[in-house]
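Commentary on secondary and tertiary structure
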Amino acid sequence: NATDIQRNQGGEALLKAPPEFDSLVMLDADHRHPPDTIRALVRALEEKPDAGMIVGLNFRRRQPYDPCVWIEQGGEIYQPVQWEQGLIGPVYRTGMAAAIIPRHTFELIARPWFANTYTATETEIVYKREDFFWCDKLRKAGLNIWCDTRITAPHEPNLPGWVEGNWWRAYLAAHPNLVAETLPTI
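Residues numbered from 1 in each chain as written. Predicted model: local features only at pLDDT ≥ 70, side-chain atom pairs only at ≥ 80, totals over all residues. Heavy atoms only, no water.

Notes on the sheet that holds strand β2 (residues 53–57)
Across a sheet, strands are paired by hydrogen bonds formed along the backbone, either parallel or antiparallel in direction. Condition: Note: two strands are recorded as paired if DSSP finds a minimum of 2 bridges between them. The secondary structure listing takes helices from DSSP runs of H or I that are at least 4 residues long and strands from runs of E that are at least 2 residues long, numbered from the N terminus.
Taken in spatial order, the 5 strands of this open sheet run β1-β7-β2-β10-β5, and their pairing is mixed. At either end of the open sheet lies a strand with only one pairing partner, and these are β1 (23–27) and β5 (87–88). Examined bridge by bridge, β5 and strand β10 (residues 145–152) share 2 bridges and lie antiparallel to one another. Each bridged residue has a counterpart across the sheet, and for Ile88 the counterpart in β10 is Cys147.

Have a look at this one:
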C-alpha cells in the first residue's frame, strides 16, 4: 500500500485496540532501525507525555543528505544545521522514519490523518507528502511535535552505505555556501 494509506490504517487499528494500547509506533522499512528504537521512542514519550508526536532524527537519502526536521523561528522555516543531543522542539515539520504517536493525538485529529496532496497551477505542481500533511494537522490542532536526536536510523541510500548524520556534516563541509550565515542552530 501507499505510505499514507498504511499510516491511516495504523491509526485506525490503534483506536480499535483496547485502551491499554496507548501509542502507535511507526518504523519505515527503508531505514536501518537499531534494536532499541521502540524503547527509545517510548522513553522519549514518557519525557514529553503531552507531545502530539515524537520522531527520531533522520536524513534525506539524496544530496544534500540534510536532516528531515524543520523549525520555525521568527516566522521563517529552517532546517537546523546542528543540534543538541536529546529532545528538540517543538518542531514545525519532520519526516517520520521512526515515530511514536499517542492515542490521544488520533482521537483529537480529524480523518484522514495522512494524505499525499498536490496543488497545481499553470506554472508549478506542489506536492505535500503524508508526513507534512500530518504535521500541519498537528500544529493546527495545537499539538507539539518533538524530535529526539538520540534516536537515529540510517536511511537506505542510492549510494553505497547508509545515510546518517556524518553524510550531512561532510556535505556541509564540502559545500559551505549551502547554508546562510543567519541560519539558527538549536
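Brief notes about the packing of aromatic side chains
Two measures describe an aromatic ring pair: the distance that separates the ring centres and the angle between the ring planes. Counted only if it meets this: In summary, the pairing rule links any two rings of Phe, Tyr or Trp, Trp by its six-membered ring, whose centres are within 6.5 Å, and it sorts them by plane angle into stacked for under 30 degrees, edge-to-face for over 60 and tilted for everything else. Burial classes: relative accessible area under 20% of the type maximum marks a residue as buried, over 50% as exposed, and values in between as partly exposed (1.4 Å probe, protein chains only).
Going through the model one piece at a time under the given rule, you end up with 5 aromatic pairs. Each ring, one from Trp70 and one from Phe132, has its centre 5.0 Å from the other, and the planes form 80 degrees; the classification is edge-to-face. Within this pair, whereas Trp70 is found in strand β3 (residues 69–73), its partner Phe132 is found in helix α4 (residues 130–140), the two being separated by 62 residues in sequence. Judged by its relative accessible area of 15%, Phe132 falls in the buried class.

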